[in-house]
Amino acid sequence: MNTIKTKIKDVYVPFLIVSIGTILFYNIFRWTLDIKLGILPLKENLLNFWIPFALPCIPILIWLRRRIRILNVRGKTDNGYFAYQFAMAVAIAVPLIISQHYIEKNSFDLNEIPSISKVKELKNEKYFKINSFDIDHNSSLPYVTARTSGRNNDNLNFYLYLACPFKETSSIWYGVEYKKNLSNRINEQRKKSEYRTFLNTSEQEFKTYNFHDVEYFERLGYSDDRDGFIEAIQKRNANLNEKEQIILVPKKDVFEERLGNSFSWIFGSFGIGALALLVMVVIPKIDEKELNDFKKNKPLKEDHLKDLISLLNPIGENKATAILLLLNIIVFLIMTFNGLNIVSPTPRELLEIGGNRRFEVMNGEYWRLFSSLFIHGGLLHLFMNLIGLGLGSSLLEKALGSLKLIIIYIGCGTLASLASIYWHENTVSVGASGAIFGLYGLILAFTVFKIYPDYMRGMTWMLLGLYAGVSLLFGFLGGIDNAAHFGGLISGFVIGGILILIDKDELKKNLSY
């Protein structure tokens, strides 16, 4: 009985406190700074999903990670402890995400107005029922774009945004959107055919579109959809003030039913998660040694979080690895705060921020060969490259030294960018993978010519197969720039061979652990 009391007191109750505190904190933060004051420069998909999805990891790592070790998880492996941390994160994230849907929609009332011009007077409102309005159908402005999604960019999504001006007013637009999803694995000819079919079908549907089949309108906030309509408007009005444009999208559901069961699901999902964690906490026995260490505030003997933090320390043992990892992360955060889609930015967005393409480089924008190395096409793209970069550079930094590693990384990446524009005529290429493959080219050279000690070569062969080999295989399936991969790999192997010819003994000495 005392063991159950200990587990409840030292693990479960702190979990409840952290869970409730995190949910309340973020909702108050979001409501105050975004909904009430409107000063958060973040898109709705970040505020509604990605931040609530990631935020629970922070308090769990700070306050609960050590307490979980009290539980004698079967097998005594880090996987067991990670499973508890993951379960806690999900138990917090699900109600937190649902609550965003609720507070965003419940914070605004429906404003019934006689005409469209009154919308400008209600600057802080979101929902409108307009008694009388007319649309200038013939002045509609289109914008078409595409995004990839899914693991390994498996899906291709077409979007058509049509901004239709309301009559007798300016800077207020009726937004109509069409979209189509298909596999990104089909050949280019099929993609072009599907694209043309999508445009023709959408055009025919728009000709008979009923603009008055609407219960109420929703003003679009800062989002990818709003950006799409703004792109349509700017095609014909390049100098317009983007912030003054109001995009209204039609809603056909009953306003009073817009919330659905979200309020009850906030508490229901939290209750389900809390009950599941209670079972997970009660079942295992207590690890007496860990409990005593916890009571005495002793740090964990094996702490992978501290190892990760040390890996990101730019003045630590692996300076170059940390600097390269941090540069990629910081650039991605800047991209995110500038409004690029966190999952799948469009090729146009990537090109505008510094992506690599033959036309721009051949017309004097040579800096793109370098800038594209630190730009990524989504969170998954960044995550996979960070893993590859961390593993590869940590195997080379001791042999090469920090400065030489960074120079080789940039050099191989630039050569990979050149290979990409040589092979692809109109492809926007971004990402660190070309430079990373350059590092793996060095690892390959050091493995083939036996620079690494005997006990390390099995590991380097496995790493080359799992990361480089698998990445190249997926590249042949489409959606990945294998030209940059091969360019980086070959250049890295050649540079590695030259280094071996020049200073083989010094490299071996540096790698002798």
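What you are looking at is a predicted structure, and each value in this text was computed from that prediction instead of being measured. (Residues numbered from 1 in each chain as written. Predicted model: local features only at pLDDT ≥ 70, side-chain atom pairs only at ≥ 80, totals over all residues. Heavy atoms only, no water.)

Colleague: How would you explain the overall build of the chain if you had to name every residue and give the values?
Modeller: Within the chain, the regular secondary structure consists of 19 helices and nine strands. Burial status across the chain gives 48% buried among its 513 residues. Carbon and sulfur atoms form 61% of the exposed surface of the chain, whose accessible area is close to 26800 Å². Averaging the coordinates of the 56 positive side-chain charges in the chain and doing the same for the 49 negative ones gives two points 7 Å apart. (Helix = DSSP H or I, 4+ residues; strand = E, 2+ residues; numbered from the N terminus. Buried < 20%, exposed > 50% of the residue type's maximum accessible area, 1.4 Å probe, protein only. Areas by Shrake-Rupley, 256 points an atom, 1.4 Å probe, with all protein chains shown as cover. Lys, Arg positive; Asp, Glu negative; His and termini not counted. Charge placed at Lys NZ, Arg CZ, Asp CG, Glu CD.)

Colleague: An account of the packing of aromatic side chains is needed here, citing residue identities and associated values.
Modeller: Scanning all chains against the criterion turns up 32 aromatic pairs. Ring centres of Y174 and F211 lie 5.0 Å apart, and the angle between their planes is 80°; on these two criteria the pair is classed as edge-to-face. With Y174 in strand β6 (residues 172–183) and F211 in the loop between α5 (188–207) and β7 (216–219), the pair connects residues that are 37 residues apart, well separated along the chain. Ring centres of Y216 and F255 lie 5.2 Å apart, and the angle between their planes is 90°; this geometry places the pair in the edge-to-face category. Taken as a pair, Y216 in strand β7 and F255 in the loop between β8 (246–251) and α7 (262–282) lie far apart in primary sequence, 39 residues in all. Y216 gets classed as buried once you look at its relative accessible area, which sits at 3%. Given the relative accessible area of 9%, F255 is considered buried. Within the aromatic cluster, the residues linked to one another by ring pairs are F133, F166, Y174, F206, Y209, F211 and F217. In this structure, R258 is placed above the aromatic ring of Y127, and the distance from its NZ or CZ to the ring centre is 5.8 Å. (Phe/Tyr/Trp six-rings, centres within 6.5 Å; stacked < 30°, edge-to-face > 60°. Lys NZ or Arg CZ within 6 Å of the ring centre and 35° of its normal.)

Colleague: Could you give me a rundown of the side chain of E218, with the residues and numbers involved?
Modeller: Of note, E218 is situated in strand β7. Those residues in contact with E218 that sit more than four places away from it in its chain are K105, K126, Y127, I247, L248, V249 and K251. (Contact = heavy atoms within 4.5 Å.)

Colleague: Let's hear about the packing of helix α10 (residues 319–337) against helix α14 (residues 379–394): which residues, and what values?
Modeller: Taken N-terminus to C-terminus, the directions of α10 and α14 make an angle of 170°; their axes are 9 Å apart at the nearest point. In terms of their interaxial angle, α10 and α14 are classed as roughly antiparallel. Here T321, L324, L325, N328, I329 and F332 of α10 come into contact with α14, specifically with L379, L382, L386, L389, G390, S393 and S394. Residues that form the contact of α10 with α14 fall into these classes: eight nonpolar, five polar and no charged. (Axes fitted to C-alpha atoms, helices over the stretch in contact; angles between N-to-C directions. Parallel < 35°, antiparallel > 145°, perpendicular 65-115°, else oblique. Nonpolar A, V, L, I, M, F, W, Y, C, P; charged D, E, K, R; others polar.)

Colleague: Kindly report on the pattern of salt bridges, identifying the contributing residues and their values.
Modeller: The final tally for this structure, using the stated rule, is 21 salt bridges. Taking the shortest distance from any N to any O, the salt bridge between E44 and K126 comes out at 3.8 Å. Taken together, the residues span a long stretch of sequence, with E44 in helix α2 (residues 44–54) and K126 in the loop between β2 (110–115) and β3 (127–132) at a distance of 82 residues. Here the two residues E44 and K126 agree in accessibility, since each one is buried. With its nearest N and O atoms 3.5 Å apart, the salt bridge here joins D213 to K252. On the criterion of sequence distance, the pair formed by D213 in the loop between α5 and β7 and K252 in the loop between β8 and α7 is long-range, its members being 39 residues apart. Here D213 falls in the partly exposed class, since its relative accessible area comes to 38%. For K252, a relative accessible area of 52% puts it in the exposed group. Three or more residues are tied together by salt bridges with common partners; here these are K43, R147, D224, D227 and E349. (Salt bridge = Lys/Arg side-chain N within 4 Å of Asp/Glu carboxyl O.)

Colleague: How would you explain the sheet that holds strand β5 (residues 155–165) if you had to name every residue and give the values?
Modeller: Ordered by their spatial adjacency, seven strands build an open sheet running β2-β3-β7-β8-β6-β5-β4, and the pairing between neighbours is mixed. Across the chains shown, the open sheet's two edge strands, defined by having one partner strand only, are β2 and β4 (141–149). Taking each pair of neighbouring strands and ignoring which way they run, the sheet shows an average axis angle of 35°. By the bridge criterion, 11 bridges tie β5 to β6 in an arrangement that is antiparallel. Counterpart to N155 in the pairing with β6 is S183. (Pairing = 2+ DSSP bridges.)

Colleague: Describe unusual backbone geometry, with residues and values.
Modeller: The backbone phi angle of S171 is positive, close to 65°, even though this residue is not glycine. Relative to the helices and strands, S171 is located in the loop between β5 and β6. Even without a glycine there, the phi angle at N297 is positive, about 60°. Along the chain, N297 falls in the loop between α8 (288–295) and α9 (304–311). A residue is classified by how much of its surface remains accessible, and N297, at 69% relative accessible area, is exposed.

Colleague: Can you break down the packing of α10 against helix α16 (residues 402–423) residue by residue, with the values?
Modeller: The interhelical angle for the contact between α10 and α16, taken along N-to-C directions, is 40°, at an axis separation of 8 Å. If you check the angle between α10 and α16, you find them oblique. Across the interface between the two elements, K319, A320, T321, I323, L324 and N328 of α10 pack against S402, L405, I406 and Y409 of α16.

Colleague: So, the nonpolar core: which residues are in play, and what are the values?
Modeller: Counting residues in hydrophobic clusters, the biggest one holds 73 residues, and the most contacted among them are L396, L400, Y409 and F446. Per-element tally for this core: the top contributor is helix α17 (residues 433–448), with nine residues. Among all residues touching Y409, those that are not within four sequence positions of it are L324, N328, L373, F374, L389, A432, A435, I436 and L439. Counting residues in hydrophobic clusters, the runner-up holds 26 residues, among them F128, F166, I172 and Y174. (Core = buried A, V, L, I, M, F, W, Y, C linked by side-chain atoms within 4.5 Å.)

Colleague: With reference to specific residues and values, describe the side chain of S140.
Modeller: Residue position: S140 is located in the loop between β3 and β4. A distance of 2.8 Å separates a polar atom in the side chain of S140 from the backbone oxygen of H137. For S140, the contacting residues outside a window of four places in its chain are A163, C164, P165 and F206. (Polar contact = N/O pair within 3.5 Å; in protein donor to acceptor, adjacent residues only side chain to side chain.)

Colleague: Just give me the short version of the environment of M335, but keep the residues and values in it.
Modeller: Tracing the backbone through its elements, the reader meets M335 in helix α10. Spatially, the C-alpha atom of M335 lies 9.9 Å from that of G378, the residues being 43 residues apart in sequence. Ignoring sequence-local partners within four residues, the contact set of M335 consists of L340, L350, I353, I375 and H376.

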